[in-house]
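# Reading the structure
So you can see what is in the structure, the chains are spelled out below.
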Amino acid sequence: TAVIIGSQAYYGNVKVGENEYKDRILVSISNHGYDMIPDDNYLEVVSGDGDEIVLLLTYKDQLFVFKKRSLVICSVGGEDDSIIDTLQVGGIDTKSQACVTSKGVFWANSFGAFLHDGSELTNLTRSKIALAESNIDQIDIQVDGEAIP
């Protein structure tokens, strides 16, 4: 998975030679093309946690690193790259579970549907979808307080 932010490319879940780095992001050299990627120019977000990177997205010059069990939002491209936030509700299993919209980064997983606008997280399913108490597999959907059959 890869994204371009400014004059740099970010490549996640990479293989270098015979070594696989599922939680590492290689970064191209700024202003030297997107294909100049030294092995030692990388960004590790929560390295060694055993949680592999599934998808990289960008919104408002922020890097959204979707892992299987979490989402890490990074500020990149300046003098120092840094982690802005880590969201435990952000994990996804496949790339198709997240996308960039005009309003921010959207994703859906077993915790619900979410939108991050670059500064704030919104849970789009809170108070919209409730599990029925009688049957945990059944989902009751309500609109304006009334159940939809």
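Not measured: the values here are computed from a predicted model.

Once that is clear, we can look at the overall build of the protein. The number of helices and strands found in the protein is 0 helices and 15 strands. The buried share among the 149 residues of the protein stands at 36%. Intrachain contacts of the protein at a sequence separation of at least 6 include 32% that bridge at least 24 residues.

Now for the pairing of strand 2 (residues 8-16). Strand direction decides the pairing type here: strand 1 (residues 2-5) and strand 2, joined by 4 bridges, are antiparallel. Looking across to strand 2, one finds that Ile5 is bridged to Gln8. Counting the residues that bridge the hairpin from strand 1 to strand 2 gives 2 residues, and of these Gly6 lies at a positive phi of roughly 65 degrees. Pairing analysis gives 6 bridges linking strand 2 to strand 3 (residues 19-27), with the strands arranged antiparallel. Along strand 3, the bridge assignment pairs Lys15 with Glu20. Here strand 2 folds back onto strand 3, and the loop between the two strands holds 2 residues, one of which, Gly17, carries a positive phi near 65 degrees.

A few words now on the side chain of Thr125. Examined against the element boundaries, Thr125 turns out to sit in the loop between strand 12 (121-123) and strand 13 (129-131). Note on Thr125: relative accessible area 17%, which makes it buried. At a separation of 3.4 Å, a polar atom in the side chain of Thr125 contacts the main-chain amide nitrogen of Ala113. One polar contact links Thr125 to Asn123, side chain to side chain, over a distance of 2.9 Å. Setting aside anything within four residues of it in sequence, one finds Thr125 in contact with Phe111, Gly112 and Ala113.

Taken together, 4 strands build an open sheet; the order of strands is 9-10-11-12 and the sheet is antiparallel. On the outer flanks of this sheet lie strand 9 (98-101) and strand 12, each paired with one strand and no other. Taking each pair of neighbouring strands and ignoring which way they run, the sheet shows an average axis angle of 20 degrees. Bridge count for strand 10 (residues 104-109) against strand 11 (residues 112-116) is 5 bridges, and the pairing is antiparallel.

Reading the values: rules and limits
Residues numbered from 1 in each chain as written. Predicted model: local features only at pLDDT ≥ 70, side-chain atom pairs only at ≥ 80, totals over all residues. Heavy atoms only, no water. Helix = DSSP H or I, 4+ residues; strand = E, 2+ residues; numbered from the N terminus. Buried < 20%, exposed > 50% of the residue type's maximum accessible area, 1.4 Å probe, protein only. Contact = heavy atoms within 4.5 Å. Pairing = 2+ DSSP bridges. Polar contact = N/O pair within 3.5 Å; in protein donor to acceptor, adjacent residues only side chain to side chain. Axes fitted to C-alpha atoms, helices over the stretch in contact; angles between N-to-C directions.

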